[in-house]
Amino acid sequence: MARVIRLYEKKRGHRRTGSARVGRLGELLFFAVLSLLGVVGLAAMFFWLVVPQWQVSHRFVPHTCVVLDTRVRKHPTEDLFRPEVKIEYQVDGKTYVQWTYDIATVRDDPSSYLPDQKEQAEAAARFVVDPEKPREYPCWYDPADPHLVVVCRGSKWWTWLAFSVPLSVLLIGAVGLVYTWVSWDKSAERKAAISSRLAPKRVLRANGESRPQFPYVPDGKEITNSPGTKLRFRLPMAASPGWPLFGLFLAAVLWNGIVGAAAVYAFTLFSQGRPDWRLNIGLIPFVIIGLALLGYFIRRLVMTTGVGPTLVEISDHPLVPGGNYRLFVSQSGRLKVQRFSVALVCEEEAVYRQGTNARSETREVFRQQLLCHEGFEVGSGVPFEAECTMQVPGGAMHSFRAANNQVRWKVLVAAEADGWPPVVRGFPVVVYPPSEHNILAYQCTDRL
Amino acid sequence: MHRPIVIIRLDGNGRVYRPGEVLSGEFRLSALPERPPKALEVSVLWYTEGKGDPDMAVHEFWRYRFSDQLSVDLRRPQRFSTQLPNSPLSYEGQIVKLRWCVRVRVFLADGKEVVGQKVFRLGGIPPAKCIGNGFAASQRTALLGVVDP
């Protein structure tokens, strides 16, 4: 007999043998427990921290007292401290003498103890003990039990910060609970339809970029926002080297700054005739790493600036399959170029998860050589310039971007120069779906 | 007891659909389940296959709930139609494949589901492997047999 519910499951690739319903139930229970923990935590903190403060502010009677003594009391087991003030006050003709401070101290609450002993001593020292001429201080006592008295009202700043812990637990639980409840027993298609209805822009604009009439095709606005000098648009580079270079610079400065400070301290000790050899020897690998980091940064900087900027301009954008375009390429710098080539490239990118890691794989599916020059020199202030025509193949797939899968097009400029490692720079372009005429042509091809 | 099968038929079956064109067709169940189904969903959607994690988006979605009073004889063809979008087009890449389909999901009274799916092609993009690397544009066009205007 087949089991009604399979609790234990095996995973075979994308196929799972377990019960989806039991899985969802477990998910629902998990988020319900999380929400419950959040609610209980919030309630406990409210009654533990807020209610006593509220009672002191609204129910306790204002009064005056005389300070007899002050002290800083240490926690019986831990390295924590709290200020305490011994006061004398009279209620209905009866004299009371109490050690007190705030409501947490009166209730002997663990939260009344804090780690900074100096700060607690300063808090206690605010109350002046003068047996000759006792000074009066305000105090507040509980009319139901005059033994309960405080000389300090208000809450500590961390009281409110502590609420963020149960609040975040409640928030995660509640959001998870609502999501699991809403998606309960709903098909993948229905969930997709609901999410697209909730966010209509996503349906129309796919990834927040595409034009409404072409869902899931990037609109390439960032490509057309820079006009060219020779042709209509100047294409931006796929990954500008500026930010990685800046990150490398920051890392080199931070590392060498810290190591440098330690080295200066070691040198000071050495010059004073009391060298710390353990420090000196321990610093050596850190200094080596720092120098290597600095060297790598300088090499990257020279590589980036030495080869010089590459400019690519195009006669029109976005591209369409079958369309012809003019391309202008300019390479600056002082270079003895062995090989300089320009190509139109299409590649697919797939993102997949392996456990908790997200990996991506890229596959080039099309390459069209547009230009290739060999053995020439680029002089300072006289850049190498070339123009060529480019035709996007008629049956080409348009640019496509979804969460995990992409098809993207780019103009790839590769340069090999004497004394420099090969440089490859990509300039993305967007290819739109083919025009109606072309589609009819492909249909004919399809039938052949 | 055999579970029913969903049978989907598209008008002009097997042809390539153009962007913006109306897709129409019908679906039916091969047999009636023991008890009337609870609900039925018809979706026109695209999904990806290949190396990456799957992506999916629903272009058109219809859901019908059946009660004891309202039941339909699902053995009879039920028609549907929708205007297809301009993109994304069907694509048979090397590590990314994009497919369009009509999917019918029937929720049976016993809590089980019966799903039927009919894949169709939107646009006539040839498979990626057909595009030869390194060919000049004119040569490749000739290779594909595409006639430029």
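Quick look at the overall build of chain B now. Looking only at helices and strands, chain B features one helix and nine strands. Its helices and strands taken in sequence order, chain B reads β-β-β-β-β-β-β-β-β-α from the N to the C terminus. Taking all 149 residues of chain B together, 38% fall into the buried category. A separation of at least 24 residues holds for 65% of the contacts in chain B among residues at least 6 apart in sequence.

A word on the pairing of strand β9 (residues 113-122) of chain B. Residue and element names in this part refer to chain B. Note that strand β2 (residues 16-17) and β9 share two bridges and pair parallel. Of the residues in β9, the one forming a bridge with Val 16 is Arg 121. Pairing of strand β8 (residues 96-107) with β9 involves eight bridges; the strand directions are antiparallel. The partner of Cys 101 across the bridge, within β9, is Val 119.

When glycine is set aside, most residues are seen to have a negative phi, and most peptide bonds are trans. The linkage connecting A:His317 with the following residue, A:Pro318, adopts the cis geometry, with an omega of 0°. Examined against the element boundaries, A:Pro318 turns out to sit in the loop between β9 (310-314) and β10 (324-331). The amide bond that connects B:Ser87 to the next residue, B:Pro88, takes the cis arrangement and shows omega of -5°. Along the polypeptide, B:Pro88 turns up in the loop between β6 (78-83) and β7 (91-92). Of note in this structure, A:Asp108 is not a glycine but carries a positive phi near 50°. Looking at the element boundaries, A:Asp108 is found in the loop between α2 (103-106) and α3 (117-125).

Let's shift gears to the sheet that holds strand β1 (residues 6-10) of chain B. Residues and elements named next belong to chain B. Pairing within the open sheet is antiparallel, and its three strands lie in the order β1-β3-β6. Since the sheet does not close on itself, it has two edges, and those belong to β1 and β6, each with one partner. Strand-to-strand twist in this sheet, taken as the mean axis angle between neighbours without regard to direction, amounts to 25°. In terms of strand pairing, strand β3 (residues 22-29) meets β6 through six bridges, oriented antiparallel. Bridge pairing in β6 places Val 22 opposite Gln 83.

Moving on: the sheet that holds strand β6 (residues 136-142) of chain A. Residue and element names in this part refer to chain A. The sheet built from five strands is open, its strands ordered β5-β4-β3-β6-β7 with antiparallel pairing. Of all the strands in the sheet, the pair left with one neighbour each is β5 (94-100) and β7 (145-150). Strand-to-strand, the axes of this sheet are offset by a mean angle of 45°, without reference to chain direction. As paired elements, strand β3 (residues 61-74) and β6 share six bridges and run antiparallel to each other. Bridge pairing in β6 links His 63 to Cys 139.

Turning our attention to the packing of helix α1 (residues 20-58) of chain A against helix α5 (residues 164-182) of chain A. Residue and element names in this part refer to chain A. Direction vectors running N to C along α1 and α5 enclose 150°, while the axes themselves pass 7 Å from each other. When the axis of α1 is compared with that of α5, the two are roughly antiparallel. Considering how the two elements wind past one another, α1 and α5 form a crossing that is left-handed. Among the residues making up the contact of α1 with α5, the classes are represented as 16 nonpolar, six polar and two charged.

Caution applies to low-pLDDT regions: their predicted coordinates should not be interpreted in detail. All names here are of chain A. For chain A, mean pLDDT is 85; residues scoring 70 or higher make up 90% of the total. Ignoring residues within four places in sequence, the model shows residues 200-211, a span with pLDDT below 50, making 19 contacts including any to other chains. Under a pLDDT of 50 for its full length, residues 437-448 has, in the predicted model, 23 contacts with residues more than four places off or in other chains.

Its location among the elements puts A:Ser112 in the loop between α2 and α3. For A:Ser112, a count of 22 C-beta atoms within 10 Å corresponds to the buried category.

Glancing now at the confidence of the model for chain B. Residue and element names in this part refer to chain B. Taken residue by residue, chain B gives an average pLDDT of 81. The fraction at 70 or more is 82%. The spread of mean pLDDT over the elements of chain B runs between helix α1 (residues 137-144), the lowest at 31, and β8, the highest at 95. Counting interchain partners and residues more than four positions distant, the pLDDT-below-50 stretch residues 131-149 has 38 contacts. Taken over the whole predicted complex, pTM reads 0.70, whereas the ipTM for its chain interfaces reads 0.84.

A few words on the packing of helix α8 (residues 242-271) of chain A against helix α9 (residues 277-307) of chain A. All names here are of chain A. Axis separation between α8 and α9 bottoms out at 9 Å; the angle between their running directions is 150°. By the criterion of interaxial angle, the relationship of α8 to α9 is roughly antiparallel. Every pair of crossing elements has a handedness; the one defined by α8 and α9 is left-handed. For the contact of α8 with α9, a count of residues per class yields 19 nonpolar, four polar and one charged.

So, on to the nonpolar core. All names here are of chain A. In this structure, Val 312, Leu 327, Val 411, Val 429 and Val 431 are the most contacted members of the largest nonpolar core, which totals 75 residues. Not counting the four nearest positions on each side in its chain, Leu 327 is found in contact with Val 312, Ile 314, Val 342, Leu 370, Glu 387, Cys 388, Met 390 and Val 411. Grouped together as the second largest cluster of nonpolar side chains are 19 residues, Val 67, Tyr 89, Ile 103 and Ala 123 included.

Residue and element names in this part refer to chain A. Taking 1.5 Å per residue, 39 residues should reach 57 Å; α1 reaches 54 Å between its end C-alpha atoms and fits that length. Largest kink in α1: about 35°, centred on Phe 46. Each element contacted by the buried residues of α1 is listed here: α2, β6, β7, α4 (157-162) and α5.

Cut-off values and rules
- Residues numbered from 1 in each chain as written.
- Chains lettered and ligands numbered in written order.
- Predicted model: local features only at pLDDT ≥ 70, side-chain atom pairs only at ≥ 80, totals over all residues.
- Helix = DSSP H or I, 4+ residues; strand = E, 2+ residues; numbered from the N terminus.
- Buried ≥ 20, exposed ≤ 12 C-beta atoms within 10 Å, placed from the backbone.
- Contact = placed C-beta atoms within 7 Å.
- Pairing = 2+ DSSP bridges.
- Axes fitted to C-alpha atoms, helices over the stretch in contact; angles between N-to-C directions.
- Parallel < 35°, antiparallel > 145°, perpendicular 65-115°, else oblique.
- Left-handed = near helix turned anticlockwise from the far one by under 90°.
- Nonpolar A, V, L, I, M, F, W, Y, C, P; charged D, E, K, R; others polar.
- pLDDT = per-residue confidence, 0-100.
- Core = buried A, V, L, I, M, F, W, Y, C linked by C-beta atoms within 7 Å.
- Expected span 1.5 Å × (residues − 1).
- Bend = angle between axes of the 7 residues up to and from the residue.

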